[in-house]
Amino acid sequence: MTVSLRDTRSSELYERALQYLPGGVNSPVRAMKAIGRDPIFIERGEGAELTDVDGNTYIDYVCSWGPLILGHADPEVIAAVTEAAASGTTFGAPTAGEIEIAEEAARRIPGIEMLRMTSSGTEAAMSAIRLARAATGREKLLKFAGAYHGHLDGLLAEAGSGLATNAQPTSPGVPSAATAATVIVPWNDAEALIRATEEHEFAAILAEPYPANMGLVPPTDGFLELLRERATATGALLVFDEVISGFRVAAGGAQELTGVIPDLTVVGKIFGGGLPAAAYGGSRELMEMIAPAGDVYQAGTLSGNPLAVAAGLATMKRLDDAAYLRLQATTEALAGGLREAAKAAEVPVDVVHTTGLCTVFFSEHPVVDYASAQRCDLETHGAWCRALLARGVYPPPSQFETWFPSLAHTSEQVEQTIEIAAAAFAEIA
Ligand SMILES: *Cc1c(COP(=O)(O)O)cnc(C)c1O
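How each quantity is defined
Residues numbered from 1 in each chain as written. Predicted model: local features only at pLDDT ≥ 70, side-chain atom pairs only at ≥ 80, totals over all residues. Heavy atoms only, no water. Helix = DSSP H or I, 4+ residues; strand = E, 2+ residues; numbered from the N terminus. Rg over C-alpha atoms; globule rule 2.2 N^0.38 Å. Buried < 20%, exposed > 50% of the residue type's maximum accessible area, 1.4 Å probe, protein only. Contact = heavy atoms within 4.5 Å. Areas by Shrake-Rupley, 256 points an atom, 1.4 Å probe, with all protein chains shown as cover. Lys, Arg positive; Asp, Glu negative; His and termini not counted. Charge placed at Lys NZ, Arg CZ, Asp CG, Glu CD. Axes fitted to C-alpha atoms, helices over the stretch in contact; angles between N-to-C directions. Parallel < 35°, antiparallel > 145°, perpendicular 65-115°, else oblique. Left-handed = near helix turned anticlockwise from the far one by under 90°. Phe/Tyr/Trp six-rings, centres within 6.5 Å; stacked < 30°, edge-to-face > 60°. Near = heavy atom within 4 Å. Polar contact = N/O pair within 3.5 Å; in protein donor to acceptor, adjacent residues only side chain to side chain. Nonpolar A, V, L, I, M, F, W, Y, C, P; charged D, E, K, R; others polar. Salt bridge = Lys/Arg side-chain N within 4 Å of Asp/Glu carboxyl O. Expected span 1.5 Å × (residues − 1).

Structural notes on the overall build of the chain
Counting its secondary structure elements, the chain contains 14 helices and 15 strands. Expected size for 429 residues packed as a compact globule is a radius of gyration near 22 Å; at 21 Å, the chain falls within 12% of this value. Judged by the C-alpha coordinates and their principal axes, the chain covers about 60 × 55 × 45 Å. In the chain, which comprises 429 residues, the share counted as buried stands at 56%. In the chain, the share of contacts with a sequence separation of at least 24, taken over all contacts with a separation of at least 6, comes to 71%. Accessible surface computed for the chain: about 18,100 Å², of which carbon and sulfur atoms make up 51%. On the chain, the mean spot of the 29 positive side-chain charges and the mean spot of the 53 negative ones are 3 Å from each other.

Now the structure itself:
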């Protein structure tokens, strides 16, 4: 049975938005083009639930693309932000909270002794690269196909054909000079990685250790260890972009989970607890190259913003061992249920998950890299997402993203999600 979404108010707002905002949105994926519909305008969120401007409610599996591991409008986070705001929203001078959040991150993340805060993950990744180049005196970067590190010029690039290829800009406006120093290697391809590190002298090998921006494509056994080994052997810095995986797949991110410790780590999303904050960190020796301790320049008007610090700290305080066990159980129930529902409807999918992350690939074959992710049936995925939305489940509106189950999702909500997913699979089968 086809169910359609009531979206009169969203449609009106979209028309208005199109007059003043390119594509009607402030970040492209929100436009929902990839699943063949118009954007849905949100009115409010509470726990795992979203309400749109037409009064539809959804069980939300985007959770602002990761920051909201505690769900929407968490009372403790709201109280912390409100209290901070009452004392002033920004000073452009240091505050005690900045030390506290740096201590907290360093305590959790093995590769971070010291960090510098920024306002976005993009900025943090850009700055980590500057530091890696300064520390090594080299310019080239190794990036994996399908990995996302923000929208900085040098990394808005994908490979041409071939194993390890020089990068081509993926956006107009990115000069070819900006990507000329970037070499793209397929994820999970040991041979291509080894060859690239033999052919080029890299400043940094950059990776999302649990890539989640081509859908979730975990590393194959030994691949992160190989990254570490090749970086060390060739004098490159290993940079883990844990903007999604940090504080999510485990308290200390993928590096805690796997024991592979990078030279530099980029965090964001959960780190800011739903407000704009990110950071890059590493050993004291490397980080003290940053101004004013050293001469690598990097700055920010709102860096270390007291509201964002309060939200990040209030969030991290709740992320203890019990929380991760619960998140793991929630994710496993969700992934297992989605897998069963697809099987019952005879829709071929590959459901991949790790604690706090899950992707339903519309693929008959396992997805191991960006090329195999791109072979998914995007039409059917889009139809399934539209069917979910119409029934009250809000999935990431793209095949190349992951679901973000949170600590706010109850087992009843997960069960309800699986029932809805089954109906949506039946509709598209
Ligand atoms: C979201 C994301 C970024 C960029 O963070 P912004 O805050 O959106 O600039 C960088 N790296 C990864 C892995 C991300 O998921």
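Structural notes on the environment of Ala204
Turning to its location among the elements, Ala204 is positioned in strand β9 (residues 202-207). In this structure, the C-alpha to C-alpha distance between Ala204 and Asp369, residues 165 residues apart in sequence, is 20 Å.

Details of the packing of helix α11 (residues 321-344) against helix α14 (residues 411-428)
Relative to each other, α11 and α14 sit at 20°, their axes nearing to 9 Å. Between α11 and α14, the interaxial angle falls into the category roughly parallel. In terms of crossing hand, the pair formed by α11 and α14 is right-handed. Taking contact as the criterion, the partners of Thr330, Ala333, Leu334, Gly337, Leu338, Ala341 and Ala342 in α11 are, on α14, Val414, Thr417, Ile418, Ala421, Ala422 and Phe425.

Points about the packing of aromatic side chains
Taken as a whole and assessed by the stated rule, the structure comprises eleven aromatic pairs. Summarising the aromatic geometry, the rings of Tyr58 and Tyr394 are spaced 5.6 Å apart at their centres and angled 75° between planes, so their arrangement reads as edge-to-face. In this pair, Tyr58 sits in strand β3 (residues 57-60) while Tyr394 sits in strand β15 (residues 393-394), placing the two residues 336 residues apart along the sequence. Each member of the pair, Tyr58 as well as Tyr394, is classed as buried. Ring pairs connect the aromatic residues Tyr61, Phe362, Trp384, Trp403 and Phe425, which therefore count as one cluster.

Side note on the site of the ligand
Taken together, the residues surrounding the ligand are Ser120, Gly121, Thr122, Tyr148, His149, Gly150, Glu208, Asn213, Asp241, Val243, Ile244 and Lys269. In this structure, Thr122 approaches the ligand through a side-chain N or O atom, which is 2.7 Å from an oxygen atom. The separation between a nitrogen atom of the ligand and a polar side-chain atom of Asp241 is 2.6 Å. About the coverage of the ligand: the protein hides 82% of its 380 Å² of free accessible area. Of the residues assigned to the shell around the ligand, the class counts are three nonpolar, six polar and three charged.

Description of unusual backbone geometry
The amide bond that connects Ala291 to the next residue, Pro292, takes the cis arrangement and shows omega of 10°. The topology assignment puts Pro292 in the loop between α9 (284-287) and α10 (306-317). Residue Cys63 is not a glycine yet carries a positive backbone phi of 45°. For Cys63, the position within the fold is in the loop between β3 and α2 (75-86). Positioned with a positive phi, Ala73 is a non-glycine residue whose angle comes to about 50°. Within the secondary structure, Ala73 sits in the loop between β3 and α2.

Here we look at the pattern of salt bridges
Inspection of the entire model under this criterion finds eleven salt bridges. With a shortest N-O distance of 3.5 Å, Arg44 and Glu43 are connected by a salt bridge. Of the two residues examined, Arg44 and Glu43, each falls in the exposed class. In this structure, the salt-bridge partner of Arg195 is Glu191, at a minimum N-O distance of 3.1 Å.

Thoughts on α2
Over its twelve residues, α2 extends 16 Å from the first C-alpha to the last, a length consistent with the 16 Å expected when each residue adds 1.5 Å. Residues of α2 that are buried sit in contact with α10. Of the residues that open α2, the one with a side-chain oxygen 3.1 Å from the backbone nitrogen of Glu76 is Asp74. In the stretch just after α2, Gly88 is the one whose phi turns positive, near 120°.

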